[in-house]
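One-letter residues, chain by chain:
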Amino acid sequence: MFSPLSKMPSTTSVLSAYTTLTASAVLVRSLVSEVQNMTNQLIPKNLQDKILSKVGIFMGNISSQITLIIEENNGITPNEIFEASKLYLGTIVSVQRVKISKAEKEKKFSVNISKDEKMIDTFEGVELIWELKIVESQKTNCDGGYLSLENVEQIWYELSFLRSHKEMVLKTYLPFVLERSKSIKEEKKVIKLSPLGYGYESVNLDHPSTFDTLAMDPEEKKKVMDDLERFVRRRDYYRRVGKAWKRGYLLYGPPGTGKSSLIAAMANYLKFDIYDMELSSMGGNTDFRRMLVSTNNRSIIVIEDIDCTIQLHNRNDGAHNYNDSESQVTLSGLLNFIDGLWSSCGDERIIVFTTNFKERLDPALIRPGRMDMHIHMSYCTPSGFKILASNYLGLENHYKFHEIEELITEVNVTPAEIAEELMKSDEADIALDGLIKFINKKKEDCKEKIVVENEVDEKGDEMNKEEIETKETRKRKGNSRRGGRSKRKIF
């Protein structure tokens, strides 16, 4: 009869097999160790990392890789790293399929990697894989009770690398990308004009105004330039004193004195974008704040004709109805934007108000700390005229300049009026003669206006005098009658 015990190995056989297996394992381990040592000696560490990275990507080895997601927006605010990555990758793009574009006024092409295209960047011997992801979806909007579908794009970059390089990427590589993008941005900077509250897209600001071409008093011009330069270099100072890194300018004066040209000159001088804010089109303080946080750093936020856009009149003039509507921006909302908590939502911001009537504005709105510099845009001066003559006619001097300069000191003429006359002819003599006639006519009109006003004042004084005399006569007669009645009562 068959017995199972007869097939079992002996104890000696088991021990012998175990000993052989252990010896084999030790031998294999020593061989692997020897191969690793030889590999480390023959293949540099950075090359090993590249091989492992390629193998990890090919095999889908998630454990050896880490991927950073860089989205276009951080909530409702733009993601600075996304914009920096886009600029940086446009200078090193080295793939087969690329996206290329160019705006009408831009000098250079913009290059970016295509959707789902992978690109390798090498930094300090480390390979980093960039990939652009775009997903389209539809969003339901309710406008006036009607439902509509809107196509929405979600855009982000994926940055993949070996997990062992995580610290280097976060502490060295990404800060390098940010700094490099700033340099690229300055090199190819195209100033943008963005209307906030209008519903229109940004456009390139192609305004040629500079401080050299600005018809402004030289001393005032130098004060503004010095103040701007001091502002942009005082980041650490503002942080040390606990103030938001911003500066406020109030430009006031008659129409046509160059307020808009000064804003354009400031933008061209600093390479700052301009946000034109239309308060009357905003649906209250909430909408106003939302627009504010959507603006970028290094920008000029402009509210033109602030005394006309919404009811923000001086509280001392008896108007108390400017703050009672939830559907418009209020004075308190505007003050919080200029100098409250919301003023610190960005860095290196310049806020500019313009008005033709400074006296109409509430003192709280234009006090120091909110509007730091009050710049009076005056009528044209002789020095301003020379700048305009140089701009429009290419003249540095002319025998008719003396006559024009004398007229300008006698008559209030705006730079816009002078520029309009100088543009009427390419011939210097004809253009200057036309300007002289224009100023003389304005001078005569002013004289006639003064004569009429004096006549009205004299008639008014005479009427007032007659009215006063009539009242005095009536008063004396009344007193006389009352006095007579009293005497009769006494006697």
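For the structure itself, look to the data block above.
Per-chain numbering applies: the sequence of each chain, read as written, is numbered from 1 onward. Local features in a predicted model are, by the rule used here, given only for residues with pLDDT of at least 70; side-chain atom pairs are given and counted only at 80 or more, and totals for whole chains, interfaces and linings are based on all residues. Hydrogens and water molecules were not included; the side-chain quantities draw on all heavy atoms of the structure.

Colleague: For the nonpolar core, give the residues involved together with the corresponding values.
Modeller: By nonpolar core we mean a set of buried residues, namely Ala, Val, Leu, Ile, Met, Phe, Trp, Tyr and Cys, connected to one another through side-chain atoms within 4.5 Å. Note on exposure labels: buried denotes an accessible area under 20% of the residue type's maximum, exposed denotes more than 50%, and partly exposed covers the range between, all computed with a 1.4 Å probe on protein chains only. Core analysis: the largest hydrophobic core is formed by 27 residues, its most contacted members being Tyr249, Leu262, Met266, Ile300, Ile350, Val352 and Ile375. Numbering goes from the N terminus for both helices and strands, where a helix is a DSSP run of H or I of at least four residues and a strand is a run of E of at least two. The set of elements that each furnish at least two residues to this core consists of α5 (218–232), β11 (246–252), α7 (259–270), β13 (299–303), β14 (349–355) and β15 (373–376). Residue contacts are counted whenever heavy atoms from the two residues lie within 4.5 Å of one another. In contact with Met266, not counting residues within four places along its chain, are Phe211, Leu228, Tyr249, Ile300, Ile350 and Val352.

Colleague: Can you lay out the environment of Pro254 for me, pointing to particular residues and giving the numbers?
Modeller: Tracing the sequence through the fold places Pro254 in the loop between β11 and α7. If we skip the residues at most four places from it in the chain, Pro254 touches Lys259, Asn356, Met377 and Tyr379.

Colleague: Give me the packing of helix α3 (residues 80–92) against helix α4 (residues 166–187): which residues, what numbers.
Modeller: Axis separation between α3 and α4 bottoms out at 8 Å; the angle between their running directions is 70 degrees. On the basis of the axis angle, α3 is roughly perpendicular to α4. Across the interface between the two elements, Glu80, Ile81, Ala84, Ser85, Leu87, Tyr88 and Thr91 of α3 pack against Tyr173, Phe176, Val177, Leu178, Arg180, Ser181, Lys182, Ile184 and Lys185 of α4. As a working rule, the residues Ala, Val, Leu, Ile, Met, Phe, Trp, Tyr, Cys and Pro are called nonpolar, Asp, Glu, Lys and Arg charged, and the rest polar, with Gly in that last group. Counted by class, the contact of α3 with α4 contains nine nonpolar, three polar and four charged residues. Only the stretch in contact is used when a helix axis is fitted, and all axes are lines through C-alpha atoms; the angle between N-to-C directions ranges over 0 to 180 degrees. Oblique is the label for any angle not covered by the other classes, which are roughly parallel (under 35 degrees), roughly antiparallel (over 145) and roughly perpendicular (65 to 115).

Colleague: Residue-level account of the environment of Asp227, with values.
Modeller: On the secondary structure map, Asp227 appears in helix α5. Here Asp227 is in contact with Arg247, Tyr249 and Met373, once residues within four sequence places are set aside. In protein, a polar contact means a hydrogen-donor-capable atom and an acceptor-capable atom, both N or O and within 3.5 Å, with residues adjacent in sequence counting only if both atoms are side-chain atoms; elsewhere, any N or O pair within 3.5 Å suffices. Among the polar contacts listed, one links the side chain of Asp227 to the side chain of Arg247, at a separation of 2.8 Å.

Colleague: Go over unusual backbone geometry, please, and point to the residues and values.
Modeller: Positive phi, close to 60 degrees, is recorded for Lys271, a residue that is not glycine. Tracing the sequence through the fold places Lys271 in the loop between α7 and β12 (273–277). Take Lys271: its relative accessible area is 33%, and that puts it in the partly exposed class. Even without a glycine there, the phi angle at Asp305 is positive, about 50 degrees. Following the sequence through the fold, Asp305 ends up in the loop between β13 and α9 (306–309).

Colleague: Tell me about the sheet that holds β13, residues and numbers included.
Modeller: Only strands that DSSP links by at least two bridges are regarded as paired with each other. Taken together, seven strands build an open sheet; the order of strands is β10-β9-β12-β13-β14-β11-β15 and the sheet is mixed. Where the open sheet ends on each side, the last strands, each with one partner, are β10 (203–204) and β15. Bridge count for strand β9 (residues 192–196) against β12 is four bridges, and the pairing is parallel. Counted as the bridge partner of Pro195 is Asp276 from β12.

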